[in-house]
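Here's the letter readout for the chains.
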Amino acid sequence: MELTAGVVTLSVSSSSSLKRSLRPWADFDQLPHNIPISATIADIEEKKGFIDYYRFVIEVKTKGGSKYLIYRRYREFFNLHQILESKYSPENTDRPGPNTCVLPSLPGKIYIGNKQEIAESRIPELNTYMKRLLGLPTWLLLDDALRMFFYQTDRDSQHQPRALRRLRPPTRKVKTVKPKMDLFSSPRAEAMFDFRGNGKAELNLKRGEVIFLLQRVNADWLEGTVNNQTGIFPESFVKIIKPLPESDSESEGGGYSCLRCFLLTPSGVETRDVCVQEDLNIQPTHKDLLSRMRNVFQVEDIALNYRDAEGDLIRILDDEDIQLMIREARSQQGKVNRPVNQFPWELHVTMASDLSVYNAEA
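If you're wondering where the values come from, they're calculated on a predicted model, not measured in any experiment.

Criteria and cut-off values
Residues numbered from 1 in each chain as written. Predicted model: local features only at pLDDT ≥ 70, side-chain atom pairs only at ≥ 80, totals over all residues. Heavy atoms only, no water. Helix = DSSP H or I, 4+ residues; strand = E, 2+ residues; numbered from the N terminus. Buried < 20%, exposed > 50% of the residue type's maximum accessible area, 1.4 Å probe, protein only. Contact = heavy atoms within 4.5 Å. Phe/Tyr/Trp six-rings, centres within 6.5 Å; stacked < 30°, edge-to-face > 60°. Lys NZ or Arg CZ within 6 Å of the ring centre and 35° of its normal. Pairing = 2+ DSSP bridges. Axes fitted to C-alpha atoms, helices over the stretch in contact; angles between N-to-C directions. Left-handed = near helix turned anticlockwise from the far one by under 90°. pLDDT = per-residue confidence, 0-100. Salt bridge = Lys/Arg side-chain N within 4 Å of Asp/Glu carboxyl O. Core = buried A, V, L, I, M, F, W, Y, C linked by side-chain atoms within 4.5 Å. Expected span 1.5 Å × (residues − 1). Arc of directions from axis to C-beta.

Engineer: Help me understand the overall build of the chain, please; the structure alone is not making it clear to me.
Structural biologist: Scanning the chain from terminus to terminus reveals ten helices and 15 strands. Each of the 362 residues in the chain was classed as buried or not, and the buried ones make up 41%. Considering only contacts in the chain between residues 6 or more positions apart, those separated by 24 or more positions represent 60%.

Engineer: Where do I start with the packing of aromatic side chains in this structure?
Structural biologist: Two numbers describe a pair of aromatic rings. These are the distance of the centres and the angle of the planes. A complete count under the given rule lists eleven aromatic pairs for this structure. Taken together, a centroid distance of 6.2 Å and an interplanar angle of 75 degrees make the contact between Phe195 and Trp221 edge-to-face. In this pair, Phe195 sits in the loop between strand S6 (188-191) and strand S7 (210-216) while Trp221 sits in strand S8 (residues 221-226), placing the two residues 26 residues apart along the sequence. On the accessibility criterion, Phe195 (10% relative accessible area) is buried. Given a relative accessible area of 5%, Trp221 falls into the buried group. Measuring from ring centre to ring centre gives 5.1 Å for Phe195 and Phe237, while their planes differ by 65 degrees; the resulting arrangement is edge-to-face. With Phe195 in the loop between S6 and S7 and Phe237 in the loop between strand S9 (229-234) and strand S10 (238-242), this pair connects stretches of sequence that are 42 residues apart. Looking at Phe237, the relative accessible area reads 25%, which means it is partly exposed. Its end group placed over the ring of Tyr53, Arg73 keeps NZ or CZ at 3.6 Å from the ring centre. The side chain of Arg122 reaches across the aromatic face of Tyr74, ending 3.7 Å from its centre.

Engineer: Can you walk me through the sheet that holds strand S11 (residues 257-265) in this structure?
Structural biologist: In any sheet, the strands associate via hydrogen bonds between backbone groups, in a parallel or an antiparallel arrangement. Taken together, five strands build an open sheet; the order of strands is S12-S11-S15-S13-S14 and the sheet is mixed. Strands with a single pairing partner mark the edges of an open sheet, and in this sheet they are strand S12 (268-276) and strand S14 (313-316). Each adjacent strand pair in this sheet contributes to an overall mean axis angle of 35 degrees, direction not counted. Across nine bridges, S11 lies against S12 in antiparallel orientation.

Engineer: Help me understand the packing of helix H3 (residues 74-88) against helix H4 (residues 115-133), please; the structure alone is not making it clear to me.
Structural biologist: When two helices pack together, you describe them by how their axes are tilted relative to each other and by the distance separating the axes. Between H3 and H4, whose axes approach to 13 Å, the crossing angle comes to 35 degrees. Judged by the twist between their axes, the crossing of H3 over H4 is left-handed. For the pair formed by H3 and H4, the contact residues are Tyr74, Phe77, Leu80, His81 and Leu84 on the first element and Arg122, Leu126, Tyr129, Met130 and Leu133 on the second.

Engineer: Explain the sheet that holds S6 here, please?
Structural biologist: Spatially, the five strands line up as an open sheet ordered S9-S8-S7-S6-S10, and their pairing is antiparallel. Each edge of the sheet is formed by a strand with only one pairing partner; in this case those strands are S9 and S10. Averaged over all pairs of adjacent strands, the angle between strand axes in this sheet comes to 40 degrees, irrespective of strand direction. Sheet analysis places S6 next to S7, joined by three bridges and oriented antiparallel. Looking across to S7, one finds that Ala189 is bridged to Ile211.

Engineer: Help me understand the confidence of the model for the chain, please; the structure alone is not making it clear to me.
Structural biologist: When pLDDT drops low, the exact placement of atoms in the prediction is not to be read closely. Residues of the chain with pLDDT of at least 70 account for 82%, and the chain-wide mean is 81. Note on residues 1-22: pLDDT is under 50 here. Beyond four places in sequence and across chains, it has ten contacts. Across residues 168-181, confidence stays below pLDDT 50; counting only partners more than four residues off in sequence or on other chains, it has five contacts.

Engineer: Help me out: how do you make sense of the pattern of salt bridges in this one?
Structural biologist: Opposite charge on two side chains permits them to pair, given that their charged atoms come into close proximity. Here the structure, examined in full by the defined rule, presents eight salt bridges. Two residues, Arg75 and Asp288, come together in a salt bridge whose shortest N-O distance is 3.5 Å. On the criterion of sequence distance, the pair formed by Arg75 in helix H3 and Asp288 in helix H9 (residues 286-297) is long-range, its members being 213 residues apart. Residue classification places Asp288 among the buried residues on the basis of a relative accessible area of 14%.

Engineer: Can you walk me through the environment of Asp319 in this structure?
Structural biologist: For Asp319, the location among the structural elements is in helix H10 (residues 319-331). Asp319 gets classed as partly exposed once you look at its relative accessible area, which sits at 38%. With 34 residues separating them along the chain, Asp319 and Thr285 place their C-alpha atoms 5.6 Å apart. Other than its neighbours up to four places away in sequence, Asp319 contacts Gln283, Thr285 and His286.

Engineer: Teacher, can you tell me more about the nonpolar core here?
Structural biologist: One recurring pattern in soluble globular proteins is that nonpolar side chains are buried together. Phe56, Ile58, Phe77, Met130, Leu133, Leu146 and Phe150 are the most contacted members of the largest nonpolar core, which has 33 residues in total. Contributing elements (two or more residues each) for this core: strand S3 (36-48), strand S4 (52-62), strand S5 (67-72), H3, H4, helix H5 (138-141) and helix H6 (144-150). The biggest single contributor to this core is H4, with six residues.

Engineer: Explain the environment of Phe212 here, please?
Structural biologist: With respect to the helices, strands and loops of the structure, Phe212 is situated in strand S7. Of the residues examined, Phe212 reaches a relative accessible area of 12% and is grouped as buried. Separated by 30 residues in the primary sequence, Phe212 and Lys242 have C-alpha atoms spaced 9.4 Å apart.

Engineer: So what exactly am I meant to see when it comes to H3 here?
Structural biologist: A turn of α-helix holds 3.6 residues, and therefore any two residues three or four places apart point the same way. Relative to the 21 Å expected for 15 residues at 1.5 Å per residue, H3 spans 21 Å between its end C-alpha atoms, a close match to the ideal helical length. Among the residues making up H3, those that are buried are Tyr74, Phe77, Leu80, His81, Leu84 and Tyr88. The buried residues of H3 all sit within an arc of 120 degrees when viewed along its axis, so they share a single face.

Laid out in structure tokens, this is it:
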């Protein structure tokens, strides 16, 4: 930079970098007050869904001065980036409009490794990505996809956040007090058989262990604590010593949604309820459901199916078929009596090579 007769002269490189870092304040002042201007990851949180994963707890600040928390997976960052690239990347000749913008780089996908360590390692890069993204021209901040990503949905606002590590003052020490378990007054049960949980949401039980009951998940499953672990387990494996209070026993759910699954084999039908910490409106991927069903039934060469309105089995091959299954199940809601926390659709699992289960009549 040079000063000549009171005029500031910028080199080409420094001028372009300055333009990228500064906005026209007149344009910025005209933005709505709910536009996000900064976002920082406060913590990560494990989610026990069809596939266990971690999501980022993000503190968002808006132009109007409000603050709130949102919860996003890496795949949601990835999807947002792809949408913005398709709309505004100078390299995309098929972009729908004339506006272009060089987007910040997003950390790439990682397919192998410890999920928690991967999530932790992504925090600095994703913080940098969001900082640069929200520092782009004001017209991009009005993009619908970007605004929806940083918008606090009803699910975000209803979520009860735990103590967030990165929002605490660094000198503050938080003392964790474990609740005392009263052996004589707490609802509890004794394990009558060994039970090996399927996934992190389910407890492992050994015969003779005492489980402290927390709530009923559905007609067949309970949530409880044993050996400093909290999870769900089938009621048929335990003997109730002291039942839950009626209020806790009658209300089903408590954050869990249950999927009814059937394994169809020549020797008969095996039924399982898979309970996950997911919203009933979620649309899981075919890949996630296939992986979970292999784990549940301990069979590799399987196919996923659902029953149509006529009762015929329809094989599920991809995510579009998942969407069709859910749409058809919702159209039948009200005709089938289900618990309030049970998914409206059911999975029928068959052997991949077994085509005899399908109605081949023309």
